[in-house]
Structures are given as structure tokens and as C-alpha cells.
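# Chain and residue survey
One-letter residues, chain by chain:
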2 protein chains.
Amino acid sequence: MVVKHSRGSYEISTMSVEEVFQKLDPEAPIITDNNLEAYYAKFLNGRKVLVLQAGEGTKNFANYQKCLEWLATQKVQRSQSIVALGGGVVGDLVGIVAATYLRGVKHIQVPTSLLAMVDSSVGGKVGIDLPQGKNLVGAFWPPSEVLLATEFLKTLPHEQVINGMAEVWKYAFIVAPELTPLLEESDRDYAKIVNLCIDLKRQTVEADEFETTGQRATLNFGHTIGHAIEQASDYQLLHGQAISIGMVLEARLGENLGITPTGTATKIQSYLQRTGLPTTQKATNPEQLLDFMRSDKKVSGSELAFALLTDLGACKLFRGISEKNVLEVLSAN
Amino acid sequence: MVVKHSRGSYEISTMSVEEVFQKLDPEAPIITDNNLEAYYAKFLNGRKVLVLQAGEGTKNFANYQKCLEWLATQKVQRSQSIVALGGGVVGDLVGIVAATYLRGVKHIQVPTSLLAMVDSSVGGKVGIDLPQGKNLVGAFWPPSEVLLATEFLKTLPHEQVINGMAEVWKYAFIVAPELTPLLEESDRDYAKIVNLCIDLKRQTVEADEFETTGQRATLNFGHTIGHAIEQASDYQLLHGQAISIGMVLEARLGENLGITPTGTATKIQSYLQRTGLPTTQKATNPEQLLDFMRSDKKVSGSELAFALLTDLGACKLFRGISEKNVLEVLSAN
């Protein structure tokens, strides 16, 4: 599958894990995490590898600097491609590293988690978190290539598979209700699911690469509240878990505003619960969540913007949502 | 004057210092240094201002992070422009901050030093230094606007004016020998000089924005050795001072290779000396300089690339220069 963008295009090629490592230049610098290093040591031995601690906390400024200084110490040159071998954390971090090392070099995404496969490895949004908010530092920097091996999911902890399912459900909720039966199967066909989701994401980002028309912003369904919840939990909640709660709350926000049909939030909630995802979060202070949301990149003036469902399977960006409406939903959580 | 680039264009508007501050949005976040804060306090009072320590050492990762976190704490939004009020250090730093804050926001360059006016505020190259080398982290991120007030030069320390003259002389050496009489005047017309240099830079960057054809790389004359000298001095030498030495040495390298006409280095040296710039640097270890050069962004494989004079007023990028030739010139210094 080829994804087009303003500066060119890149190919997403499907292959086995072994083929991934055959394809990678033996000299290419690889950035990965300690879980993957343990599982795939035999493929990594003898290569230039920087191993980071697995987990969202890794997507910070200290590791951004560490990666850049590592590349500089290795004297990696402009002509070389940097490889992101990992989930969304590694992919996002390596992306911003590639976007800024020597004013921009190529990078190859090798997504190893379900979440990275269906979401972060496609679309070119890269970045790191600040203490003030998620993804506040970043760039639009598409990979030069995505090597897709769903075989990596075999070594992915079950909890992480469920984590990725939140983003998969998001596609069903915002644009592709026809995915639902596939996702409700007890023995899911992940290769098929991943390919369908990637194609949906491709269509969306090709239509609105720099998030200017609002179309790409529909991919943020569940994320405005979800990011705040993720932050408030100090990243103890996984991204997918926080997004799951966020989707239910944003569906309820849409219902309260008369945008989302009544009953949608309850339907969404039961799908997510059956998948093993959390859908409520009691402990959080609504005012604190709201304050995190004020740092959201979609904020303009004192009004918030939300991607809201106009139906189950249809989504649109709405601006000018008042903080009062948001607080109401957060307080009822 | 309008500068065109791949994503649009920006205007360089000439005005007085007072007009600069009238033009800036009173809400715009301004990043500047302590020298400028002291001189222009009356214009800065009541505005959102982040003040950094003046000096090349400021162009580092810690300040990059500090600027981003300051913007996030101030909840600066995507629609706002960040103002770089300062010399090359502030301009380069704010540029990479703007390129990566919220995945990229606009920034306005207000160059206050001669060096920033004729060089760094035009062309969109932004970045910071790593311990491993100069400008190793950065982006191509053109400003949305350049507000040019040569009146700022009145408060610029004499040493800094001379520092900027190194970049001015560079234009005379690489492309515009007709500048020479203007630069040799005892009472230089800086407004005229700045405008001529900016126009030369504009032509070069418009022709080769991403430094792919070699034309833009001619602006690096003196910089490959110069950057290494600057680094080796631990930034005790000013950029212009290091570049001045670098230009003499690179002219000598060109002569040794039969590319630059014999006698050119001596001519260059006397122009620079008469301006008050250093042209030799005894203390530095040639092997250490060479090691710094290996991190240069133009390096490919084990060969170095240099912008070399083919005549006084003409320059071209040459690849495949051996380390032996470079060491010879450095050792004779």
C-alpha cells in the first residue's frame, strides 16, 4: 500500500519478522526498547542499536536528547535512515529525532504493537510529551518506509493487544461500522484488521495531511479527554485504556450537546468493555482534567474543540464547545 | 523584499525599532536575551517575554526544552506566532522551537545583530548545537516574517559588529566581489550592506532551499573548518572570528588542491585583518579539529566536502576531499 503526502509518498510493505531484518541495512542505526531487545536479540546482535526503557514515560525530552547524541556519537550521516523498531512510543520518538537530526533524515517505521500498526506508524505525526501535555513537541515527518509484520503481535503482551484495540474500535466508531463483527470475533484476524485500519487511516491523512480541514481531526475522537486522563494518571493508564474512557465520555458529551444520537455512549461502552478495556475512571479531578485540555493543540481562544460522533460510524470536528459542557460530562464520570 | 520557499513565501520589511514593537502583537510570546532586555526594556514591559543568557552556549538542548516548556506553560496556541528578538543564537533557537512546538507554529524573526541580519534570519535553517557539533539538531523552518531594523546595530557592541562582518565578507569572497569597496570604507553604510547581503542570500536559498544542488552549500565557505575551530575553542571564539580563520584556511586548502588561484588566501587574510578579525589560531590540535569535522552535515562516507573558491568572487562545492589534505592545512596554521 502506498501513502501519498505533500513531499512524496511511502510504501507500507507486508512481510515476516525475518524478512524485516533481512531488508534492513546492516549498518542502519536502530532505536528500540528493552522488551523487543529481549525477544529479538538474535536479529539485533552485531547491529548499531540504542535500547530504551519500554513505556510512555520514555517519550520525553531526556530520551529525545539521548537519541540525538547517540546518533551524533555514532557519526550517523545524512544519507542514512534511522529505524524505529517498536510500538507507538519508539515510533513517535524516533520520528521527531529523524525530523530534527542534521535538519532531517529518513526513518523507517517497523511497528511492533497493534497500536503502532494501526495508528502511529502511518500519517507522519511524530513527537514527544512535555510535563504540560502529550505530544506538545513534534513535527509532521512521514517515514520513508513502513515494514509491516503482524507476526510481531505474537510476542506482544495480551494487555498491549487490548491497548491497541481501543484505536481499532475508534475506526469502527468514527468511520467504519462494518468493522464491528470482525472485532467481536473471539479469535480475531489481526492481519486483516490491521490492513483495514491502515487503509482507513491512509485515506484520512491523504485527504488532510496537516489537519487543516477538520477531517484528520476526527481521528482524535476520544483523545481530547483521553489524553488528559492519560496525563492525570501520570501514564499509569495505557494510551488505549485512557482513549477508551475518553471515547465513552466524548460520546456522552456529544449526546448532551444533541450532536450524537442518544444511546451511542452506552453502545460504545459495552463494545469496549467486552474487549477488556476500562470505560470509567473515578479518581480524577474534573478541574485538573480541564486544565490539561487547555493545553490541547486544538484549543483556540478559550473554547475547546472536539471530534464528536454524529452517528455510530460518522464523526466531525466541532469547535466552540464550552468548558461548562465538558465539566458536566467529566463530573458525571 | 519577498523570499520564496517550497511552502510559500515571507516578507522582509525594513523599519525602525519603534515600528518593530508597534507591529508585534502585544500578546505574542517573545524570546530574547539579557542584553536586549536591558536595552529595550521600555518596549518589552508588559509583554510575554522569556529572557535567555546572551552567547552561543545558549543554543543548547537545555534552552530548547526551556523555551518549549515556557510556551506550554503560557498555553501558547497554534494560531500564535513566536517572536525571535535577537542575534543568530536566539534566531536559530527560536526557529527550532517554532518548528517543533505543537508540531510547528509560525515565528517572526527580528534580527538585532549584523550576523543575524545578513545570515541566520533569512533562509529557514534553524537549530541548536550538540556537544558533538554545531547545528546538529535543527530543521528547515522559514519564518513567517522578518522585521528588519538596522537601527538595532546602534546598541550592538563593536566586537559583535566585527563578528558579523565575517559573514559579510563571505558574500564578497564567494559571489559578490563588487561589495569590497563598500566594506573597506571607514564609515560603513550598514543599511546598504545588509540589504545587499540579504538579497544575495535570498537568491541562493531560493535556488537551492534544501541544499541539494550544492549552490546553497557555497554559503558554507569557511564554515567546515570554522565550525570545528569554534567548537574546539569551546565557543570562546565568536562565530565570525572562527569563520574568519576558517575562510583563510579553506582558501589555502583550495590553493593546495589547485582549485583556488594562488595568492587568494593572502588577499582574504589582509581584508579580514584590516576589519579587525582574527585569521590564525595557533593553539588547536589538528587531529581534534578533523574529528569535529567528521560530524559535519556534509560528510559522506570517509570523505569531506568543502565549499572552495574557484576565484575571488566564485565558489563551488567539492566532494571527496581527503583528510590528508585537510590535516596539512590545519597543521600549517
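In this text the structure is predicted, and so the values were computed from the model without any measurement.

### Quick look at the overall build of chain A
Each helix and strand in chain A was counted, giving 14 helices and 11 strands. The C-alpha atoms of chain A give a radius of gyration of 19 Å, which matches the 20 Å a tight globule of 333 residues would have. A principal-axis box enclosing the C-alpha atoms of chain A has dimensions of 55 × 40 × 35 Å. Relative to its 333 residues, chain A shows a buried fraction of 62%. Considering only intrachain contacts with a sequence separation of at least 6, the fraction spanning at least 24 residues in chain A is 69%. Split by element, the accessible area of chain A, about 12300 Å² in all, is 48% carbon and sulfur. Computed over 31 positive and 37 negative side-chain charges, the separation of the two mean positions in chain A equals 4 Å.

### Quick word on the interface of chain A and chain B
The interface is formed by 36 residues belonging to chain A together with 36 residues belonging to chain B. For the pairing of chain A and chain B, the buried interface totals around 3200 Å² over both sides, and the portion due to carbon and sulfur atoms is 55%. When the area that chain A buries against chain B is broken down by residue, the three leading residues are Phe 61, Arg 103 and Lys 297 of chain A, summing to 24%. Summed over the shared surface of chain A and chain B, the result is 0 salt bridges. Remark: the boundary between chain A and chain B carries 7 residue pairs in polar contact (both at pLDDT 80 or more). Elements supplying a minimum of two residues to the side of chain A that touches chain B: α4 (61–73), α5 (88–100), β7 (125–130) and β8 (133–140) of chain A. Per-element tally for the side of chain A that touches chain B: the top contributor is α4 of chain A, with 7 residues.

### Section: helix α9 (residues 190–207) of chain B
Taking 1.5 Å per residue, 18 residues should reach 26 Å; α9 of chain B reaches 26 Å between its end C-alpha atoms and fits that length. Of all the positions in α9 of chain B, only Ile 193, Val 194, Cys 197, Ile 198, Leu 200, Lys 201, Arg 202, Thr 204 and Val 205 of chain B are classed as buried.

### Details of the confidence of the model for chain A
Across chain A, the average pLDDT comes to 94, with 99% of residues at 70 or higher. For this predicted complex, the interface confidence reaches an ipTM of 0.90, while the overall pTM sits at 0.91.

### Overview of the sheet that holds strand β9 (residues 145–148) of chain A
Strand pairing in a sheet relies on backbone hydrogen bonds. The paired strands run either parallel or antiparallel. Residue and element names in this part refer to chain A. Ordered by their spatial adjacency, 7 strands build an open sheet running β1-β2-β9-β6-β5-β3-β4, and the pairing between neighbours is mixed. Where the open sheet ends on each side, the last strands, each with one partner, are β1 (2–5) and β4 (49–52). For this sheet the average axis-to-axis angle between neighbouring strands, irrespective of direction, equals 20 degrees. Across 4 bridges, strand β3 (residues 30–33) lies against β4 in parallel orientation. When the sheet's bridge partners are listed, Ile 30 is paired in β4 with Val 49. The strands touched by α5 are β3, β4, β5 (81–86) and β6 (106–111); relative to β5, the strand with the most contacts, the crossing angle is about 165 degrees.

### Brief notes about the environment of Phe 306 of chain A
All names here are of chain A. Mapped onto the fold, Phe 306 is located in strand β10 (residues 304–311). In sequence terms Phe 306 and Thr 264 are 42 residues apart; their C-alpha atoms lie 16 Å from each other. The residues touching Phe 306, leaving out its near neighbours within four places in the chain, are Thr 224, Ile 225, Glu 250, Leu 253, Met 293, Lys 316, Leu 317, Phe 318, Ile 321 and Val 326.

### Remarks on the sheet that holds strand β6 (residues 106–111) of chain B
Residues and elements named next belong to chain B. Taken together, the 7 strands give an open sheet; going across it, the order is β1-β2-β9-β6-β5-β3-β4, and neighbouring strands pair in mixed fashion. Sheet topology places β1 (2–5) and β4 (49–52) at the edges, where each strand pairs with a single neighbour. Geometrically, the sheet is characterised by an average inter-axis angle of 20 degrees between neighbouring strands, direction not taken into account. Its contacts with the sheet put α9 on β1, β2 (8–14) and β9 (145–148), and the angle it makes with β1 is roughly 20 degrees.

### What to know about the packing of aromatic side chains
Applying the stated rule across the entire model yields 22 aromatic pairs over all chains. If you follow Lys 170 of chain A out to its NZ or CZ, it ends over the ring of Tyr 171 of chain A, 5.3 Å from the centre.

### What to know about the packing of helix α7 (residues 158–174) of chain A against helix α11 (residues 239–256) of chain A
Residues and elements named next belong to chain A. At a minimum axis distance of 7 Å, the contact between α7 and α11 shows a crossing angle of 35 degrees. Relative to α11, α7 is oriented so that their crossing is left-handed. Each of Glu 159, Asn 163, Ala 166, Glu 167, Lys 170 and Phe 173 in α7 lies in contact with α11, whose residues at this interface are His 239, Gly 240, Gln 241, Ile 243, Ser 244 and Met 247. Per-class residue counts for the contact of α7 with α11 are 4 nonpolar, 5 polar and 3 charged.

### Notes on the relation of the copies chain A and chain B
Superposing chain A onto chain B takes a rotation of 180 degrees plus a shift of 0.0 Å along the axis, which leaves an RMSD of 0.0 Å. Seen this way, the second copy is the image of the first under a two-fold rotation axis. Residue by residue, 100% of the interface of chain A is reproduced at the interface of chain B, so both copies engage with the same surface.

### A closer look at the environment of Asp 311 of chain B
Residues and elements named next belong to chain B. Position of Asp 311 among the secondary structure elements: in strand β10 (residues 304–311). In this structure Asp 311 comes out as partly exposed when scored by relative accessible area, which is 42%. When the C-alpha atoms of Asp 311 and Ala 172 are compared, they prove to be 11 Å apart, with 139 residues separating the residues in sequence. Not counting residues within four places of it along the chain, the set of residues in contact with Asp 311 comprises Phe 173 and Pro 261.

### Quick word on the side chain of Glu 211 of chain B
Structurally, Glu 211 of chain B can be placed in the loop between α9 and α10 (223–232). Looking at Glu 211 of chain B, its side chain comes within polar contact range of the side chain of Lys 125 of chain B, at 2.4 Å.

### Describing the side chain of Asn 63 of chain A
Topologically, Asn 63 of chain A is positioned in helix α4. Every residue in contact with Asn 63 of chain A, bar those within four places of it in the chain, is listed here: Leu 52, Thr 58 and Leu 93 of chain A.

### Points about helix α13 (residues 286–293) of chain A
Residues and elements named next belong to chain A. Of all the residues in α13, the buried ones are Leu 289, Leu 290, Phe 292 and Met 293. Considered in projection along α13, the buried side chains sweep an arc of 160 degrees and stay on one side of the axis. In this fold, the buried residues of α13 make contact with α10 (223–232), β10 and α14 (323–332). For α13, the N-terminal capping position is held by Asn 285, with its side-chain oxygen 2.9 Å away from the main-chain nitrogen of Glu 287.

### A short note on empty space enclosed by the protein
All names here are of chain A. In total, this model carries 7 cavities of 30 Å³ or more according to the counting rule given. Computed from the structure, the largest cavity encloses a volume of approximately 100 Å³. If you trace the largest cavity, you find 13 residues lining it, with Lys 134, His 227, Gln 231, Phe 292 and Asp 296 closest to the centre. At the level of secondary structure, the elements contributing two or more residues to the lining of the largest cavity comprise β8, α10 and α13. The residue inventory of the lining of the largest cavity, partitioned by class, reads 4 nonpolar, 6 polar and 3 charged.

### Here's the deal with the packing of helix α7 (residues 158–174) of chain B against helix α12 (residues 264–275) of chain B
Residue and element names in this part refer to chain B. One way to put it is that α7 packs onto α12 with a least axis distance of 10 Å and a crossing angle of 150 degrees. The angle between the axes of α7 and α12 places the two elements in the roughly antiparallel class. In this structure, α7 meets α12 at a crossing whose hand is right-handed. Between α7 and α12, the residues in contact are Ile 162, Met 165, Trp 169 and Phe 173 and Ile 268, Tyr 271, Leu 272 and Thr 275, respectively. Split into classes, the residues belonging to the contact of α7 with α12 amount to 7 nonpolar, 1 polar and no charged.

Criteria and cut-off values
Residues numbered from 1 in each chain as written. Chains lettered and ligands numbered in written order. Predicted model: local features only at pLDDT ≥ 70, side-chain atom pairs only at ≥ 80, totals over all residues. Heavy atoms only, no water. Helix = DSSP H or I, 4+ residues; strand = E, 2+ residues; numbered from the N terminus. Rg over C-alpha atoms; globule rule 2.2 N^0.38 Å. Buried < 20%, exposed > 50% of the residue type's maximum accessible area, 1.4 Å probe, protein only. Contact = heavy atoms within 4.5 Å. Areas by Shrake-Rupley, 256 points an atom, 1.4 Å probe, with all protein chains shown as cover. Lys, Arg positive; Asp, Glu negative; His and termini not counted. Charge placed at Lys NZ, Arg CZ, Asp CG, Glu CD. Buried area = accessible area lost by both parts, 1.4 Å probe. Salt bridge = Lys/Arg side-chain N within 4 Å of Asp/Glu carboxyl O. Polar contact = N/O pair within 3.5 Å; in protein donor to acceptor, adjacent residues only side chain to side chain. Expected span 1.5 Å × (residues − 1). pLDDT = per-residue confidence, 0-100. Pairing = 2+ DSSP bridges. Axes fitted to C-alpha atoms, helices over the stretch in contact; angles between N-to-C directions. Phe/Tyr/Trp six-rings, centres within 6.5 Å; stacked < 30°, edge-to-face > 60°. Lys NZ or Arg CZ within 6 Å of the ring centre and 35° of its normal. Left-handed = near helix turned anticlockwise from the far one by under 90°. Nonpolar A, V, L, I, M, F, W, Y, C, P; charged D, E, K, R; others polar. Least-squares fit on C-alpha atoms with pLDDT ≥ 70 in both. Arc of directions from axis to C-beta. 1 Å grid on protein atoms, 1.4 Å probe; cavity = no way out; pocket = protein on both sides within 12 Å on 5 of 7 lines; lining within 4 Å. Points joined across faces, edges and corners; volume = space filled by probe spheres on them. Parallel < 35°, antiparallel > 145°, perpendicular 65-115°, else oblique.

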